[in-house]
Amino acid sequence: MNKLVAWIDQRFPLTQFVKQELTEYPTPRNLSYLWNFGSLAALVLVLQVITGIFLAMHYKADAKLAFDSVEHIMRDVNYGWLIRYMHSTGASAFFIVIYIHMARTLYYGSFRKPRELMWWSGQGLLILLMATAFMGYLLPWGQMSYWGAQVITNLFRATPFIGDQVVIWLRGDFSVGDATLTRFFALHYLFPFIIIAAVGFHMVALHYVKSSNPSGINLQAKDNIPFHPYYTIKDFFGFGVFLIIYFVFVFYSPNTFIEADNYIPADPLQTPAHIVPEWYFLPFYAILRAIPDLFGGVVAMALSIIIFAVLPYLDRSKIPGGARYRPFYRLLFVVFSIDVVVLSYVGAKPPEGGLILVGQIATFMYFALFTALPAISIYEEKWLRRRGLPPEVEELITAEENQRDIREGKTQS
Amino acid sequence: MNMTLRIRLVILLLSLVSVSTNASASADVELRDIYLEVNAQNLREGFYTYNNLCRLCHNLKYIKYSNLSDVGLSKHEIDVLRGTNGVSDTLAASMPPSVANQAFGKVPPDLSLMAKARKNGTHYIYTLLTSYYEKSEAVYDNHLFQGIRMPDIFEYSVTENPKDKELIDKRVQQVALFLEWAADPKRDERKSMGVFVIAYLMVLTLLLFFLKRRIWANLQ
Amino acid sequence: MLKKEKSDVKNPTRRDFLTTATGAVAGAGLVGACWPFIQSMNPTMDVLSKATTEVDLGVIKPGESKTVEWQGKPVFILHRTDKQIDEMRASNGGKDPIEDEKRVDVPNWLVVVGLCTHLGCVPSRKEEGWLCPCHGSVYDNSGRILKGPAPTNLERPPYQFLSESKILIGNNKV
């Protein structure tokens, strides 16, 4: 065994890589359980890929056969019901994990310098995940699958000048049909591998800038501990807790995340009375509907996701970290979270009466919070300094500035 | 598809999510709870009620004769039922679809997934079948599904005797439970397997918890 | 940084009971988790329920052969004439010798899997038996190999007579 490792080490930096990136990889010692959600997302990704491959062995991407083939999986394939419910529950689990991962990043300001590339690659991953989930949702070919895809592909009508052509091109048909189903299946199978590659980028960036931590500044070497065994065991413990919750849903409430209408085969001649997207799209769907104009709505919805990219530049404060030492930022975070919940609620309900107005106010708030962030963060810093920063924060800023001086001193010499 | 039916269906579905402002009175129909328990006898009797009444018009296209052993039918009973059909043939309605289409203006829906295709499907089926009423002389309708085309095959609305009514109630519940099985035939396997998987994961997680605590105890 | 008084301070990954037990439980779980996935690749319930085939023999006239499908394989059913039976009883076949009586349940009806035992082609019917088009193996009216590369006689599937004119091929499990 040792001989084999030695043979490989001469040709490939195996031992060095494992040491540097896993066993001895320095990790802040003060990470909370909120830092478990990155590895959890990786676990869910693996679960989705494995269950997905086995489902693909029985699924038929043909408009005439798709619905029946899913029932075939549920009834005839050995443990097919288990694999299918794991996959459908896994989709929702993926978004829960990712949204908590993002909320943690927002709350602790982990997106700030020097982690902009991590933040952006994470955002790219979210968009890829959304696209994969959306295309996967068409595959059971139920009523919600069909009309969800019909409505969402129609959004591309907002493309200037060639909108109608783009929609037809996306569908390969004049409405969602067999061609759409087949291409969605092909891409649904492909996208996870692009996601895996993007995760690779995310990890390389992470291991270069290292993990953020609740205090918000980069720790001294003395405050780091080796990843193994401390964080390997902590991540595994997190896996255990996650899997218990996940399997409670898989075994005892697998249809929580499946709309009843999706057990009715797709019918191009009849729209269900009340179309809702999957829960993880609800806030964005509410923003789409808040603007009473196709183009405006689509732009607002796209913007609501893209706007996260400029967050590292909107936050002008010199106070390190996120909400921990910053009451105003914390307030913004709380208001934003509530706003997203309100948007989700509005997105789940039919656009009627007062809810339309609520949706519009919540949409305005959504963008207003981003827009106000630069001014608020600058004012907050002044306000904090006027009141006198707590000594530990003072220390953190000095430490940060010292580090920067050292870095800049180095670049000059 | 007939326009009025479509509109009615839309109204019905709107009423189901109970958020519509213009839904008809049917929005107020509360789904009734089933008090019978899921057991072999009820499933079996539910199947025979389906077979004798519902099956006149409704298919169960995902249920094969051989599946019926799961609701307690013996091999002999299945052989009697299927006649010349193969064991892996699915349960087809007695009435050919074209005839049904002529009679009702619509092919009656397949019932294999009905218990999943409505919110609280089992209770929905039970409530629907016990919500028929005499609208005006010899004209019948359904509180839950205004304008339903299906006749009151259990004769719930015209039965006066409370004892008979109770019997119908019981049979309808059995049918609902049978259709719940038809929509989710792996339910029992799923639930019993879940106990083992979750118990295993709890043991593993507990071990991981202790191991984590011990490893981290090395740090100050 | 590290507490000095604890014995396993120096090596926090030290193998002990708790570590071994956790590893063993986790490993057993991983192996167990493979089971549903492996099973999902086995034949599905609907394929298994087609594992038997019922054949009505009434339509096959004496001297005629019919090919039916059983588990996706062709099965030859030959309604043998008395002359053919006599001919077959007179010999013991070729390189895989066996009496004709052991090849059939009822002398008039020969039921064999129609796949050449050489490389699995479907032999074609000739008056004196079957000839495999792929490599020229020749079988007699008892399905026994006479000449050619095939090593053994045509295989007998499990079957039973449900009545005089009806057989069930395959093991009846339902």
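Residues numbered from 1 in each chain as written. Chains lettered and ligands numbered in written order. Predicted model: local features only at pLDDT ≥ 70, side-chain atom pairs only at ≥ 80, totals over all residues. Heavy atoms only, no water.

What follows concerns the state of the cysteines. Going through the model one piece at a time under the given rule, you end up with 1 disulfide over all chains. What pairs with C:Cys121 in a disulfide is C:Cys134, and their sulfur atoms sit 1.9 Å apart. Judged by the torsion about the S-S bond (-95°), the C:Cys121/C:Cys134 disulfide is left-handed. With C:Cys121 in the loop between strand E4 (109-113) and strand E5 (124-126) and C:Cys134 in the loop between strand E6 (129-131) and strand E7 (138-139), the pair connects residues that are 13 residues apart, well separated along the chain. Given the relative accessible area of 36%, C:Cys134 is considered partly exposed. B:Cys54 takes part in no disulfide bond, and the closest cysteine sulfur to it belongs to B:Cys57, at a distance of 9.3 Å. Residue class for B:Cys54 comes out buried when judged on its relative accessible area of 10%. (Disulfide = S-S within 2.5 Å. Helix = DSSP H or I, 4+ residues; strand = E, 2+ residues; numbered from the N terminus. Buried < 20%, exposed > 50% of the residue type's maximum accessible area, 1.4 Å probe, protein only.)

The subject of this paragraph is the sheet that holds E6(C). All names here are of chain C. Pairing is antiparallel in the open sheet, where 4 strands are placed in the order E5-E6-E7-E8. The sheet terminates laterally at E5 and strand E8 (145-147), the two strands that pair on one side only. For E6 and E7, the ladder comprises 2 bridges, and the chain directions are antiparallel. In the sheet register, Trp-130 faces E7, and the bridge partner there is Tyr-139. (Pairing = 2+ DSSP bridges.)

Our next topic: the pattern of salt bridges. Residues and elements named next belong to chain A. Here the structure, examined in full by the defined rule, presents 22 salt bridges over all chains. In this structure, the salt-bridge partner of Arg-326 is Asp-315, at a minimum N-O distance of 2.9 Å. Of the two residues, Arg-326 is situated in the loop between helix H13 (311-314) and helix H14 (327-348) and Asp-315 in the loop between H13 and H14; the sequence distance between them amounts to 11 residues. Residue Arg-326 is classed as buried on the basis of its relative accessible area, which comes to 0%. Look at Asp-315 and you get buried, because its relative accessible area is 6%. (Salt bridge = Lys/Arg side-chain N within 4 Å of Asp/Glu carboxyl O.)

In this assembly, 19 residues from chain A lie in contact with 15 residues from chain C. Summed over the three residues of chain A that lose the most area to chain C, namely A:Asp76, A:Asn78 and A:Tyr79, the buried surface amounts to 35% of that side. Our count for the contact surface shared by chain A and chain C stands at 0 salt bridges. Inspection of the region where chain A meets chain C yields 4 residue pairs in polar contact (both at pLDDT 80 or more). Within the residue set of the side of chain A that touches chain C, elements represented by two or more residues are helix H3 (37-56), helix H4 (66-75), helix H5 (80-107) and helix H10 (227-252) of chain A. A breakdown of the residues in the side of chain A that touches chain C according to their chemical character gives 10 nonpolar, 5 polar and 4 charged. (Contact = heavy atoms within 4.5 Å. Buried area = accessible area lost by both parts, 1.4 Å probe. Polar contact = N/O pair within 3.5 Å; in protein donor to acceptor, adjacent residues only side chain to side chain. Nonpolar A, V, L, I, M, F, W, Y, C, P; charged D, E, K, R; others polar.)

Moving on, we get to the interface of chain A and chain B. Listed by partner, the interface residues are 42 residues for chain A and 44 residues for chain B. Interface area for chain A against chain B, summed over the two sides, is near 3800 Å², with a carbon-plus-sulfur share of 69%. Where B:Lys64 meets A:Asp76, a salt bridge forms, and the shortest distance between an N and an O atom there is 3.3 Å. Seen at the junction of chain A and chain B, the total is 11 residue pairs in polar contact (both at pLDDT 80 or more). When contributions to the side of chain A that touches chain B are tallied by element, the ones reaching two or more residues are H4, H5 and H10 of chain A. Of the residues in the side of chain A that touches chain B, the class split is 29 nonpolar, 4 polar and 9 charged.

All names here are of chain A. Scanning the model with the defined rule gives 47 aromatic pairs over all chains in all. Ring geometry for Tyr-107 versus Tyr-108: centroids 4.9 Å apart, planes at 80°, classification edge-to-face. The partly exposed category is assigned to Tyr-107, whose relative accessible area is 23%. A residue is classified by how much of its surface remains accessible, and Tyr-108, at 13% relative accessible area, is buried. (Phe/Tyr/Trp six-rings, centres within 6.5 Å; stacked < 30°, edge-to-face > 60°.)

Residues and elements named next belong to chain C. Read from one edge of the open sheet, 3 strands run E2-E3-E4, paired in antiparallel fashion. Only two strands of the sheet have a single partner each, and these edge strands are strand E2 (65-70) and E4. Taking each pair of neighbouring strands and ignoring which way they run, the sheet shows an average axis angle of 25°. Sheet topology places E2 next to strand E3 (residues 73-79); 6 bridges connect them, and they run antiparallel. From the neighbouring strand, Ser-65 faces E3, where its bridge partner is Leu-78. (Axes fitted to C-alpha atoms, helices over the stretch in contact; angles between N-to-C directions.)

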